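# Descriptive structure summary
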Amino acid sequence: MTASAQGVQTTSAQSSASHPERVFNFSAGPATMPESVLREVQDEMLCYPGAGASIMEISHRDKLFVDVLHDAESTIRELLNVSDDYSVMFMQGGATLQFSAIPANLLRGSGKRAQYVLTGSWGKKAIKEAKKEGDVDVLFDAADSNYDHIPSASDLACPDDAAYMYYCSNETIQGVQFPTEPNCPDSVPLVSDASSDFLCRPLPIDQYGLLYACAQKNAGPAGVSVVIMRKDLLDQADPNIPGYLHFKNHHDNDSEWNTPPTFAIYVLGKVARWLRDDMGGLEKMESINREKSQQLYSAIDSSNGFYRGHAKTDCRSLMNVTFNLPSDELTAKFIAEAAEHKLAALKGHRSVGGIRASIYNAMPREGVNALASFMNDFASKNS
Ligand SMILES: *Cc1c(COP(=O)(O)O)cnc(C)c1O
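Quick notes on the rules
- Residues numbered from 1 in each chain as written.
- Predicted model: local features only at pLDDT ≥ 70, side-chain atom pairs only at ≥ 80, totals over all residues.
- Heavy atoms only, no water.
- Pairing = 2+ DSSP bridges.
- Helix = DSSP H or I, 4+ residues; strand = E, 2+ residues; numbered from the N terminus.
- Disulfide = S-S within 2.5 Å.
- Buried < 20%, exposed > 50% of the residue type's maximum accessible area, 1.4 Å probe, protein only.
- Expected span 1.5 Å × (residues − 1).
- Arc of directions from axis to C-beta.
- Contact = heavy atoms within 4.5 Å.
- Core = buried A, V, L, I, M, F, W, Y, C linked by side-chain atoms within 4.5 Å.
- Domains from an automatic or database assignment.
- Near = heavy atom within 4 Å.
- Polar contact = N/O pair within 3.5 Å; in protein donor to acceptor, adjacent residues only side chain to side chain.
- Areas by Shrake-Rupley, 256 points an atom, 1.4 Å probe, with all protein chains shown as cover.
- Nonpolar A, V, L, I, M, F, W, Y, C, P; charged D, E, K, R; others polar.

## Brief notes about the sheet that holds strand β14 (residues 355–358)
Sheet architecture is open: three strands sit in the order β11-β12-β14, paired in antiparallel fashion. Of all strands in the sheet, those bounded by a partner on one side alone are β11 (308–309) and β14. Summarising the sheet, strand β12 (residues 320–324) and β14 pair through four bridges and their orientation is antiparallel. Of the residues in β14, the one forming a bridge with Thr 322 is Arg 356.

Here you go:
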């Protein structure tokens, strides 16, 4: 009997015993996927129902694929309660393309200045690209404390006539997340890089001008990004910007201005359905994410200083738990011993050091339980 046939009989779709070599994967991205989605993809790999071929082998104009794309879009709309005032687009180029696309559409030639809130590494990269398109102000910069905190409301004085105000809702490398949207004048479109916390909780979409996420952290495989944009902003761009960057081309052509990343959209749609049907929607997902992250933060806080969390407590990420150990030797030992327990990809980014445990939606509770007890055990043996 194959692993997938056995899997069908398991009650827990997230059993870690589904494949003897499958680990609890704490990778920051591309990251762990819901196992039930992987199985569905496996089942449909040779023949997508009705296609006589794999979904990756048919035209993006084929009705079967267009239905897949529309279904992915409508499931995302349903999960986040996105109104008709917003376009939902699928694009390639990752989050990095958005660093350029956003200022190309909303800043270039506008005569206005863009305001950036800088709380970590990804925001920094976004600013670098935005400066190529126009005038940029850095409204807040947490560099002095190695990006361990977010601004307080009084730190943010965004002018009423800004082109937009940009922030990163969850800095993946630092593990710093905004618990709610930063305050932004009504006249200014709020723009968010939500790449690593997209779909981790409900969002008040109507507070945003534009929100985007590459899929490979919390929403699917690499290759597709989701852009949710207020429709009245679509017409602002100079039509001479590069065609692929022009959001209006993607909107007007239903994300098929050119060949979209069909396979990635198909898998993203399955992850969205898994969130809605198996996990019960974003409110439920958020409470699970709170419990999972709290388990790891408790292990940090109860370690008598053995583990030191990187983010200040009011902006600890639900998705990327970052912490340091007393020495590089102990960090290396932690990673090696964790791997023996099938706890993988825990090494922190070099700019923060230590450990980063990425616990996206698809990380099963069993994985977090296993990591939390490993942490407690390791601390008591090595303190
Ligand atoms: C991963 C990540 C990016 C970069 O995504 P690419 O798809 O590699 O361009 C940008 N922002 C955030 C917050 C990320 O987590």
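## Description of the state of the cysteines
Every disulfide links exactly two cysteines, by a covalent bond between their sulfur atoms. Inspection of the entire model under this criterion finds zero disulfides. Note on Cys 158: no disulfide assigned, nearest cysteine sulfur contributed by Cys 184 at a separation of 5.1 Å. The exposure class assigned to Cys 158 is buried, which follows from its relative accessible area of 11%. Among the cysteines around Cys 168, which has no disulfide bond, Cys 214 carries the closest sulfur, lying 9.7 Å off. Judged by relative accessible area, Cys 168 falls into the buried class, the value being 2%.

## Thoughts on helix α10 (residues 365–382)
Here α10 is 18 residues long and its end C-alpha atoms lie 26 Å apart, about the 26 Å a rise of 1.5 Å per residue gives. If you check which residues of α10 are buried, you get Gly 367, Val 368, Leu 371, Ala 372, Phe 374, Met 375, Phe 378, Ala 379 and Asn 382. Each buried residue of α10 sits inside an arc of 165° when the element is viewed along its axis, so together they form one side. Turned more than 90 degrees away from the buried face of α10 sit Ser 380 and Lys 381, all of them exposed. Contacts made by the buried residues of α10 are with β1 (24–25), α8 (282–301), β12, α9 (328–340), β13 (343–344) and β14.

## Looking at the nonpolar core
Counting residues in each nonpolar core, the largest one holds 93 residues, and the members touching the most others are Leu 80, Tyr 164, Phe 198, Ile 228 and Phe 247. The element that contributes the greatest number of residues to this core is helix α7 (residues 262–278), accounting for nine residues. Taken domain by domain, this core gets at least three of its residues from each of domain 1 (5–34 + 280–382) and domain 2 (63–277). The contacts of Tyr 164, once residues within four sequence positions are left out, are Ile 102, Pro 103, Leu 106, Leu 107, Arg 113, Ala 114, Gln 115, Tyr 116, Ala 130, Val 188, Pro 189 and Val 191. If you look at the next biggest cluster of nonpolar residues, it comprises 27 residues, including Phe 24, Ala 299, Tyr 307 and Leu 343.

## So, the site of the ligand
Neighbouring residues of the ligand: 14 residues in total, closest Thr 96, Thr 172, Asp 193, Gln 216 and Lys 217. At 2.6 Å, a side-chain N or O of Asp 193 approaches a nitrogen atom of the ligand. Within the side chain of Lys 217, an N or O atom sits 2.5 Å from an oxygen atom of the ligand. Relative to its unbound accessible area of 380 Å², the ligand is 87% covered by the protein chains. A class-by-class count of the residues in the shell around the ligand yields five nonpolar, seven polar and two charged.

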